[in-house]
Amino acid sequence: MLAAGIGAAEADCGHGDFSAWREGLRQEAAASGISAATLQIAAPDLRFDPGVVKRDRAQGVFSQDFLKFSDRMISKNRLSVGASRIAGNAGLFSRIEEQFGVPAAVLVAFWGLETDFGANIGDLPTLTSLSTLAFDCRRPDMFRTELLSALKLLDRGDLELVEMRGPWAGELGQTQFLPSKYIEFGVDFDGDGRIDMIRSTADALASSANYISHLGWRRGEPWLQEVTVPADFPWEEADVLRKHPRSFFVDKGVTARDRDLAPDDIPVSLVLPMGRSGPAFLAYPNFDLYLEWNRSLVYSTTAAYYATLLAGAPKLKRGDARCCRWRTSRPCRRGLRRWAIRSERSTASSAAPPGRRSARCS
Ligand SMILES: [Ca+2]
């Protein structure tokens, strides 16, 4: 889960006196009810780490297109391990789905993409990452909130200081929750009295399901479905933001690859991540939840597609996506701008080799 939002920067942020800043933070934390004992335990990790700032600054624009990114992220290993995790935890997943409505494949896809099923949760001290980002200028308000939430997790006893380690941006646990989301949506699903999204798979997956459910997951509905689109489709309607009743697409000759499409009024949009000659998907209302999890359309489509594979769908038809990869034709560029509209980190900014042209692009 990526950090989102830019807060108001303070004039001297990142250049002031860190010790004075830390004292102010400690007072605010104490005033919010965090115990003196917890603040004493946390003190060694409330440090400034220039390496975190460097990594934050180096965050590049998302530059891979959907096929490149999904090829890389949905490895054979992630498919086979994902399938075995679903099979090996059938009882857990069935209890989670019963309570929260979110199917195993959706959760396991996030679990695999975020941390390789809990194997790579990051090893930087979380309080140091968050202190640094809260002191720095880019998003001080947002990360101050996350830092206070992390102190609350420590104070509540959900995690101990030595366990609070993760990536540079301060996410925690097997599905990489920011501390505020951990506080808000964390669930003690294994019943041991604490919410441990780091070591307890049951807690991590049930908390993720709880979060997705709160975002508005529609139980029993698909999220993404690969389709075949006829050449005479009104292509201006292919836009992730332009929803129509499913019957509209059935009327226009759109067919699903692996099952019949019911001509009903469920609102869906047609997503063409590589332009009209590449793969095509119907995005259902549940797909919107992916964009809440991560605003990148490339990541969201990859996570949703990975989940369809884990749920038994066939591998996508790659089509001939070269023209859009090279950004040479106007319809392709227009389509890709629409594709990019929801995402700061989408394919719109990826570099196209100059001067490549394909006669097939129209
Ligand atoms: Ca627990």
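About the cut-offs
Residues numbered from 1 in each chain as written. Predicted model: local features only at pLDDT ≥ 70, side-chain atom pairs only at ≥ 80, totals over all residues. Buried ≥ 20, exposed ≤ 12 C-beta atoms within 10 Å, placed from the backbone. Helix = DSSP H or I, 4+ residues; strand = E, 2+ residues; numbered from the N terminus. Pairing = 2+ DSSP bridges. Core = buried A, V, L, I, M, F, W, Y, C linked by C-beta atoms within 7 Å. Contact = placed C-beta atoms within 7 Å.

By the naming in an unreviewed UniProt entry, the protein goes by Membrane-bound lytic murein transglycosylase B and is assigned to Methylobrevis pamukkalensis.

Draft legend 1. Quick look at the pairing of strand β6 (residues 267–271). Counted residue by residue, β6 has four buried out of five residues, so it is predominantly covered. Bridge count between strand β4 (residues 244–245) and β6: two bridges; the pairing is antiparallel. Bridging across to β6, P245 finds its partner in P267.

Draft legend 2. Inspection of the nonpolar core at higher detail. Counting residues in each nonpolar core, the largest one holds 84 residues, and the members touching the most others are L107, A109, A283, A303 and A307. Not counting the four nearest positions on each side in its chain, A109 is found in contact with G82, A303, Y306, A307 and L310.

Draft legend 3. Highlighting the sheet that holds β4. Pairing is antiparallel across the open sheet formed by five strands, whose spatial order is β4-β6-β7-β3-β5. Each edge of the sheet is formed by a strand with only one pairing partner; in this case those strands are β4 and β5 (255–256). Sheet analysis places strand β3 (residues 224–228) next to strand β7 (residues 281–283), joined by three bridges and oriented antiparallel. Each bridged residue has a counterpart across the sheet, and for Q225 the counterpart in β7 is L282.

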